[in-house]
Amino acid sequence: GEAAVATRLGGQLEKIVLNRIATDRLAIPLPPGTATTCQTLAVDPECPLDEIVSTVERDPVLAVQVMRAVDGVGYTASEPSETLAQAVRRLGAESIKSLLLELATRKLHRSRNETINQHVRAMREHSLAVAMLSRDLSALSGSKEGEVAFLAGLLHDVGKLVMAAMLLEAEKEFTGPAGGTWIDANEWMETVQQTHRTVAVACAEKWRLPGPVTDAIRDSGEFDAGNRAAPANFVRFANALAKLQGIYVGPVDRGDAAALMMVGRSLLGLDDVIIERLSTDLKERTRKLLDWSS
């Protein structure tokens, strides 16, 4: 069945990906639209850093590559970059443009199965929706860590996009120019679901992502009652809300998501009016942002 195929394939791919992470050889391609935008920004001598930050904020894979590059520069643990704006400014115009140019050469392979391509887009949509909601929730709580919450939301499912990229790479290798189908869309999605958390945690640890980001990646299912305004708490609530709004790919346990929201409402002090405001046009707002970079 699908689960058995996914378990076998996922186990093999997970080993390969974890090895690449450990040896710093993981090259994650960007969606074609993002790669083209990166190239345009990199060759523009007048390009302001703010525009680069706005571009990086729209793509989880690009964002994690920027955070990884900052860690590679060797900042000490006492001065971590906790937001994308900090990371871009620390790299500086010359380094960030070099990175964008390098990343622009790695374009994500498109699947011959259009449903799989839709799955990849839906994963990016979910990440962006959770990022925007997390920032809004942070502002509503009076926290000054809105951009940290945004980054945590953007990267909470980054393992899915890493595994999706590896599966698309495998499709290109296995099917070759002759084409053909090597896996159906349900098996493909099941493989991503089974492996993404382990891969994301390995990325977070290897690239020393900020603590709140790593917390959000590790567990999206339980609130930290001892630290109400923790960015990861906003991500947990946002993740459940986005799922119930239909901005998600894969099976959703609506009962679990509703229960998580109920606990979160109490913890974060939210009411129906606020939740309605957060939910209004969420899908449209997310797609508008995504289409800007696709």
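Scroll up to find the structure this text is about.
I will try to describe carefully the structure that is included in this document. (Residues numbered from 1 in each chain as written. Predicted model: local features only at pLDDT ≥ 70, side-chain atom pairs only at ≥ 80, totals over all residues. Heavy atoms only, no water.)

1. Observations concerning the overall build of the protein chain
Link 1 in the chain: A count of helical and extended segments in the protein chain gives 14 helices and 0 strands.
Link 2 in the chain: Ordered by position in the sequence, the α and β elements of the protein chain form the string α-α-α-α-α-α-α-α-α-α-α-α-α-α.
Link 3 in the chain: For 294 residues, the compact-globule formula gives about 19 Å, and the C-alpha radius of gyration of the protein chain, at 19 Å, lands near that figure.
Link 4 in the chain: C-alpha atoms of the protein chain, sized along the principal axes, occupy 55 × 50 × 35 Å.
Link 5 in the chain: Across the 294 residues that make up the protein chain, the buried fraction comes to 53%. (Helix = DSSP H or I, 4+ residues; strand = E, 2+ residues; numbered from the N terminus. Rg over C-alpha atoms; globule rule 2.2 N^0.38 Å. Buried < 20%, exposed > 50% of the residue type's maximum accessible area, 1.4 Å probe, protein only.)

2. A short note on the pattern of salt bridges
Link 1 in the chain: One pass over the full model with this rule turns up 14 salt bridges.
Link 2 in the chain: Arg-124 serves as the salt-bridge partner of Asp-59, at 2.9 Å between the closest nitrogen and oxygen. Here Asp-59 is found in the loop between helix H3 (49-56) and helix H4 (60-73), whereas its partner Arg-124 is found in helix H6 (residues 114-141), with 65 residues between them in sequence.
Link 3 in the chain: Assessed through its relative accessible area of 1%, Asp-59 is described here as buried.
Link 4 in the chain: Here Arg-124 falls in the buried class, since its relative accessible area comes to 6%.
Link 5 in the chain: When the shortest N-O distance is used, the salt bridge between Arg-218 and Glu-205 registers 2.7 Å. Taken as a pair, Arg-218 in helix H10 (residues 211-218) and Glu-205 in helix H9 (residues 185-206) lie far apart in primary sequence, 13 residues in all. (Salt bridge = Lys/Arg side-chain N within 4 Å of Asp/Glu carboxyl O.)

3. Topic: the side chain of Ser-134
Link 1 in the chain: Turning to its location among the elements, Ser-134 is positioned in helix H6.
Link 2 in the chain: With residues near it in sequence (within four places) discarded, Ser-134 still touches Ala-149, Gly-153, Phe-234, Val-235 and Ala-238. (Contact = heavy atoms within 4.5 Å.)

4. A word on the side chain of Ser-143
Link 1 in the chain: Looking at the element boundaries, Ser-143 is found in the loop between H6 and helix H7 (146-155).
Link 2 in the chain: Looking at Ser-143, its side chain comes within polar contact range of the main-chain nitrogen of Glu-145, at 3.0 Å.
Link 3 in the chain: Non-local contacts of Ser-143, meaning those with residues more than four positions away in its chain, are made with Ser-138 and Phe-234. (Polar contact = N/O pair within 3.5 Å; in protein donor to acceptor, adjacent residues only side chain to side chain.)

5. Here we look at the packing of aromatic side chains
Link 1 in the chain: Per the counting criterion, the structure on display carries 0 aromatic pairs.
Link 2 in the chain: In this structure, Lys-243 is placed above the aromatic ring of Tyr-248, and the distance from its NZ or CZ to the ring centre is 4.9 Å. (Phe/Tyr/Trp six-rings, centres within 6.5 Å; stacked < 30°, edge-to-face > 60°. Lys NZ or Arg CZ within 6 Å of the ring centre and 35° of its normal.)

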